[in-house]
Amino acid sequence: MTQLAPQWVYLFREGSASMRMLLGGKGAGIAEMTRIGMPVPPGFTISTDACRAFQADGELPADLWPQVLTALQDVEALTERRFGDAANPLLLSVRSGAPLSMPGMMDTILNLGLNPDTCAGLAAQTNNQRFANDAYRRFIQLFSKIVLGLDGALFEHELDLLKGSGPAARSDTDLSAAELADLITRYKEIVVARTGAAFPDDPYVQLRMAIGAVFNSWNGRRAVDYRRINHISDTMGTGVNVQAMVFGNMGADSFTGVAFTRNPTSGVRELYGEYLINAQGEDVVAGIRTPLQISTLNETDPALYNQLCAIADRLEEHYRDMQDVEFTVERGKLWMLQTRTGKRTATAALKIALDMVEEGLIDRITAVRRIDPHQLDQLLHPVIDPQAKLTSQPFAVGLAASPGAAAGQIVLDPDVAEELAQQGQAVILVRNETAPEDFHGMVVAQAILTARGGKTSHAAVVARGMGKPCVVGCGALEIDEDAGTVSVKRTVLKVGDWISLDGSTGEVFVGQLPTIEPELTDDFRTLMEWADEIRTIGIRANADTPHDAQVARQFGAEGIGLCRTEHMFFEGDRIDYMREMIVAETREEREAALALLEPLQYADFVGIFEAMDGLPVTIRTLDPPLHEFLPHTNAEIRLLARKLKTSAEHLRHVIDALREANPMLGFRGCRLGIVYPEITAMQVRAIFRAAADCQARGIVVYPEVMIPLVSTLKELQLQAQVVRETAQAVMSATGQTIEYAIGTMIELPRAALTADQIAQEAEFFSFGTNDLTQTTFGLSRDDSGRFLPTYVDKLKVLGADPFQTIDVEGVGQLVQIGTERGRHTRPDLKVGICGEHGGDPDSVAFFVRTGLNYVSCSPYRVPLALLAAAQAATGYIDRDK
């Protein structure tokens with residue numbers, strides 16, 4: 001039995017909106033408009049299946065071309081024209097169309113099918129030689145650039161020479177038929193000179209070459225870069241849309257334009273767009289003439305404007321979403337060329353979603369699904385004025401680590417940053433990489449810029465927690481602290497020079513660019529209320545200060561999932577007390593230093609409990625290696641030695657003794673508290689004294705003490721004993737009975753695998769997915785930025801950066817195993833996650849499916865997590881990528 005050939009080609013009337021993955025977004029949109037009776041020029045779509053076959057074999061499928069010819073006959077019958085016929089020519093447009101909108105794919109080829117004979121026929125048919133010549137020169141220009149790969153500037157230069165310059169310069173519409181004929185000749189000469197071959201005259205050869213060019217454009221650099229940045233699969237492929245031409249350049253009664261069914265910036269319900277008289281589609285995009293606002297059409301041709309409005313309303317009602325449409329008017333007749341879901345700002349997305357609920361077009365669940373959680377960053381942080389960006393080129397580009405925008409003077413030293421900030425100056429802290437001892441400088445800086453590190457580096461994590469803009473991993477940045485300079489290639493900036501930083505894009509600009517402050521609207525609050533009603537998982541925040549806790553609560557956090565006590569030690573004189581404790585040689589000396597720290601910790605906990613009145617607060621005991629608190633330069637060591645009344649030589653010996661080959665796997669976490677239980681006891685005393693004080697004043701407290709870096713049951717038992725004994729002593733002394741829980745961070749593979757044992761002691765688990773990712777992969781999150789982009793973007797070793805989005809197959813499996821085994825021992829075990837993944841929408845969806853009780857993230861990411869949790873609860877996970 002003869003095997004039937006695959007169907008590669010679909011007439012517009014054979015498709016529908018549901019076939020987007022097969023026909024591409026553009027093809028499916030055109031097919032749907034055809035299906036519902038819109039005025040659409042006839043044509044056909046070559047499927048994404050054909051593109052994938054082309055990519056695999058390097059050539060068009062053998063049985064594709066006969067299907068193209070058959071479809072072409074259908075178009076000829078509907079238009080009553082013939083492709084390649086000199087007397088009655090059919091001309092075509094050829095456009096790409098991926099399943100997801102992808103700017104950067106192959107541009108449109110218009111007027112395909114023209115040659116000297118068909119150009120003469122078009123002129124005779126329309127009685128307009130100038131129009132025919134203009135169409136022909138446009139075709140040669142587009143085909144040469146897109147299909148033949150020639151530099152478009154070669155052709156623009158010839159056109160500009162013809163139009164002239166200065167006050168006497170003409171528009172392209174002023175050129176005569178004879179001048180355009182000369183331009184056609186010159187264009188063909190350029191093709192011969194650059195390619196060694198004549199411009200193809202056979203319309204069928206032109207069509208076949210154009211189809212191949214569309215398929216090749218799928219792997220063009222622009223398309224590949226766009227897919228990488230937007231996490232779009234490389235395997236989708238693109239469709240090819242071949243459509244009968246309609247002409248917006250046939251005179252004053254013809255034009256082409258683009259319109260949105262609602263304002264894409266504000267979301268207001270109005271037809272928004274522009275059009276260009278006597279022009280074709282690429283003229284609008286190229287900006288060769290200033291287009292007219294769509295509202296002008298209502299003044300010049302109210303009937304046509306009303307027809308366009310009626311079509312826009314019908315499309316919006318049909319798709320139940322704002323549409324972006326392309327149209328052409330040929331001699332007064334309106335033709336629709338494309339419809340797709342319109343891109344919009346976060347502000348517009350919110351308003352459109354809520355208005356459509358009010359109008360009855362969609363329900364609340366659909367409205368919640370409509371908003372991309374990442375878009376909310378636009379509403380929560382300042383942004384650089386888009387108009388200022390249009391005239392500015394980035395000085396450097398790094399990794400977008402914490403959203404928002406700021407301008408400030410370059411400062412390389414955190415102490416200087418603190419000093420200048422106290423004088424009222426705006427500063428941006430620029431470092432090779434930050435360390436905990438830089439914290440005071442980070443607090444006062446408007447933004448943070450580092451040459452090294454990834455999106456989960458110290459700078460990134462701390463900046464996100466504070467809601468500060470941050471760009472990290474800016475590898476081109478050369479910082480010379482001695483010279484006080486920051487340079488990229490030949491551009492050298494000095495300390496005190498102004499820069500502007502966009503933490504949402506990773507861009508750094510020279511100078512002071514204006515920013516636009518965010519404004520939380522009633523629409524935002526309404527959306528959050530709807531998401532609250534839908535979500536099934538709790539949302540907490542990682543907060544280390546009372547201010548962070550207040551911000552988190554305002555954004556809807558239901559408690560604190562991670563309070564990192566070590567961050568409290570870097571403010572003011574506290575670091576000196578901490579250092580005194582570290583260099584102590586006896587327990588008595590250590591306890592004396594801890595006694596100085598305890599009232600400071602107590603005061604911090606009081607503020608946090610007050611801010612989170614009635615909500616749980618998970619406090620992690622000291623976690624980082626002790627060497628992080630000590631100075632490293634000779635000058636800093638000498639200064640600290642004087643403060644501690646010891647010799648620099650002795651202090652240097654202590655620092656050397658604490659130095660570890662791999663500190664992230666060394667003397668840190670619960671190991672510190674086990675060897676020095678007095679450290680844990682001091683922290684627990686501060687926690688419960690604060691809780692008792694707050695409870696006595698009517699504040700509802702529920703502390704959860706979390707022991708970090710546990711790998712065995714015995715480790716947790718030893719620390720839990722200290723917690724219980726200390727807590728009981730405080731409660732006995734104060735007369736307050738405080739309800740509390742003891743749990744652990746699961747951040748080591750062994751802890752996840754032995755979770756059934758650890759749950760014998762732990763009342764809750766919180767997965768520290770930052771360290772769990774490090775220890776599972778054997779990757780340092782601070783150093784992996786050197787090669788992870790290559791792994792993810794170029795070689796596709798990994799589908800995503802595992803420090804940004806949870807590695808479901810590896811780390812995620814450990815989360816599932818730990819949760820299941822822990823609950824097998826303790827069925828009511830509360831399980832959460834407090835790593836940076838708690839604010840990543842795709843990761844949140846995984847945690848919902850795994851059955852966690854809550855996710856915890858930076859305060860400014862709480863709305864993102866809340867919305868992502870609601871979307872996951874509805875089974876909605878993005879979306880064809």
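All residue numbers here refer to positions counted from 1 along the written sequence of the relevant chain. pLDDT decides what is reported in this predicted model: residues at 70 or higher carry local features, side-chain atom pairs at 80 or more are listed and counted, and totals for whole chains, interfaces and linings draw on all residues regardless. No hydrogens and no water enter the side-chain calculation; it runs on all heavy atoms of the structure.

A. Representation of the pattern of salt bridges in the model. Each reported salt bridge corresponds to a side-chain nitrogen of Lys or Arg within 4 Å of a carboxyl oxygen of Asp or Glu. This model, assessed by the stated rule, comprises 47 salt bridges. Residues arginine 364 and glutamate 533 are paired through a salt bridge, measuring 3.5 Å at the closest nitrogen-oxygen approach. Of the two residues, arginine 364 sits in helix H14 (residues 364-370) while glutamate 533 sits in helix H20 (residues 522-534), which places them 169 residues apart along the sequence. Relative accessibility decides the category of a residue: with a 1.4 Å probe and only protein chains considered, values under 20% of the type maximum give buried, values over 50% give exposed, and everything between is partly exposed. Residue glutamate 533 is classed as exposed on the basis of its relative accessible area, which comes to 55%. With its nearest N and O atoms 2.7 Å apart, the salt bridge here joins arginine 590 to glutamate 678. Here the residue arginine 590 occupies a position in helix H23 (residues 587-611), and glutamate 678 occupies one in helix H27 (residues 677-696), the gap between them amounting to 88 residues. Taking relative accessible area as the criterion, arginine 590 reaches 9% and is therefore assigned buried. Salt bridges here are not isolated pairs; linked through shared partners, they connect Glu566, Arg620, Asp623, Arg668 and Asp771. A run of DSSP states H or I qualifies as a helix once it reaches four residues; a run of E qualifies as a strand once it reaches two. Both are numbered from the N-terminal end.

B. Here's a closer look at the side chain of glutamine 719. Mapped onto the elements, glutamine 719 comes out in helix H28 (residues 713-734). Using a relative accessible area of 2% as the deciding quantity, one classes glutamine 719 as buried. Throughout this description, a polar contact denotes any pair of N or O atoms lying within 3.5 Å of each other; where both atoms belong to protein, one of them has to be capable of donating a hydrogen while the other can accept it, and for residues adjacent in sequence the pair is counted only when both atoms sit in side chains. A distance of 2.8 Å separates polar atoms of two side chains, one belonging to glutamine 719 and the other to threonine 680. In contact with glutamine 719, other than residues within four places in its own chain, are Cys670, Gly673, Ile674, Thr680 and Ile707. For this analysis, residues touch if any pair of their heavy atoms sits within 4.5 Å.

C. Structural context of the nonpolar core. Nonpolar cores were defined as sets of buried Ala, Val, Leu, Ile, Met, Phe, Trp, Tyr and Cys residues, with membership established by side-chain atoms within 4.5 Å. Among the nonpolar cores identified, the biggest contains 106 residues, and Phe605, Phe609, Phe688 and Phe765 are the most heavily contacted of them. Other than its neighbours up to four places away in sequence, phenylalanine 605 contacts Cys563, Thr565, Met568, Ile619, Gln683, Ala686, Ile687 and Ala690. Core analysis: the next-biggest nonpolar cluster, separate from the first, contains 69 residues, Ala132, Phe139, Tyr187 and Ala213 among them.

D. Main features of the packing of aromatic side chains. Two rings from Phe, Tyr or Trp (for Trp, the six-membered ring) form a pair when their centres are within 6.5 Å of each other. A pair whose planes differ by under 30 degrees is stacked, one over 60 is edge-to-face, and the rest are tilted. Across all of its chains, the model carries 15 aromatic pairs by this definition. Ring centres of phenylalanine 83 and tyrosine 204 lie 5.0 Å apart, and the angle between their planes is 85°; on these two criteria the pair is classed as edge-to-face. On the criterion of sequence distance, the pair formed by phenylalanine 83 in strand S3 (residues 82-83) and tyrosine 204 in helix H8 (residues 203-217) is long-range, its members being 121 residues apart. Taking relative accessible area as the criterion, tyrosine 204 reaches 33% and is therefore assigned partly exposed.

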